[in-house]
Amino acid sequence: MDKQFWLDKWHKGEIGFHEGQPNSLLEQHWSTLGVAAGSAVLVPLCGKAQDLRWLAEQGLRVIGIELAQTAIEAFFAEQGWVPERDEQGPYQRYRAGGVELYCGDIFDLPALALDEVGVVYDRAALIAFPPELRRSYAAMLQEALPELKQLFLITLEYPQAEMSGPPFSVAEDEIRTLYGAQFGIEQLAHAEPERRFRQTTLSYLTESAWWLKK
Ligand SMILES: C[S@@+](CC[C@H](N)C(=O)[O-])C[C@H]1O[C@@H](n2cnc3c(N)ncnc32)[C@H](O)[C@@H]1O
């Protein structure tokens, strides 16, 4: 999945992954997780998700990383917020309403030295990458965020042979391989998703929410 693939998706408005409202698993489970108000939460591959605003409304400092400038500008315009802009290393940073969005490649994250980030919210980020990039992404997050203690992760599972990703199918054993050495892993939910990413005839499709904690 190269960067142009995603920029083209945004350009053509092919953003079926965008929910337009806060994710229901996030809303359902977040308050039970005991994340302290004021914590810095990183949202990798954030798109223009309403989750960003919802997390800021919970009193969190929200930091998103997104490749597509179109997505970032649409996010702020849709909230009716006018962001301040500056440059931070390889990223363009946009800030308003308690949300900081960095426009650029997630793999440049080490350049930001975000030592204050203790929590990651990953919806449709890990599963946006093919297998080899998933390994690099998970390893990079753990290395770039020295204070990372908690990760709320939403994944999909389906027979990979029946559809090409993204979104890719990610099963529990892979999550354990990627994160199990550093984190305890609890499955919070496992069900058919409320909405399908595409019209497909998959034999099965399930969505899971995971809470990873050191
Ligand atoms: C499947 S979407 C998920 C968006 C968002 N998390 C949501 O729930 O709506 C994946 C997003 O990641 C962005 N993206 C893909 N590769 C990226 C990369 N290497 N660095 C930063 N963002 C990337 C895409 O532009 C796209 O907006």
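Placed above this text is the structure.
Keep in mind the model is a prediction, meaning the values are calculated, not measured. (Residues numbered from 1 in each chain as written. Predicted model: local features only at pLDDT ≥ 70, side-chain atom pairs only at ≥ 80, totals over all residues. Heavy atoms only, no water.)

Student: I tried to follow the sheet that holds strand E3 (residues 84–88) on my own but got confused; where do I start?
Tutor: Neighbouring strands of a sheet are bound in pairs by backbone hydrogen bonds; such pairs are parallel or else antiparallel. Spatially, 9 strands are ordered E3-E4-E5-E2-E1-E6-E7-E9-E8 in an open sheet, and the strand pairing comes out mixed. Here the strands that pair on one side only, and so sit at the sheet edges, are E3 and strand E8 (184–191). Strand-to-strand, the axes of this sheet are offset by a mean angle of 20°, without reference to chain direction. Pairing geometry for strand E2 (residues 61–66) and strand E5 (residues 99–103), over 5 bridges, is parallel. Across the sheet, residue Gly 64 finds its bridge partner in E5, namely Leu 101. Across the sheet, helix H4 (residues 69–79) lies against E2, E3, strand E4 (91–96) and E5, angled at about 160° from E5, the strand it touches most. (Pairing = 2+ DSSP bridges. Helix = DSSP H or I, 4+ residues; strand = E, 2+ residues; numbered from the N terminus. Axes fitted to C-alpha atoms, helices over the stretch in contact; angles between N-to-C directions. Contact = heavy atoms within 4.5 Å.)

Student: Got a minute to help me understand the environment of Ala 56 in this structure?
Tutor: With respect to the helices and strands, Ala 56 occurs in helix H3 (residues 51–57). With a relative accessible area of 17%, Ala 56 lands in the buried category. As for Ala 56 and Gly 97, which are separated by 41 residues in sequence, their C-alpha atoms are 7.6 Å apart. Excluding anything up to four places from it in sequence, Ala 56 contacts Val 62, Gly 97, Gly 98 and Val 99. (Buried < 20%, exposed > 50% of the residue type's maximum accessible area, 1.4 Å probe, protein only.)

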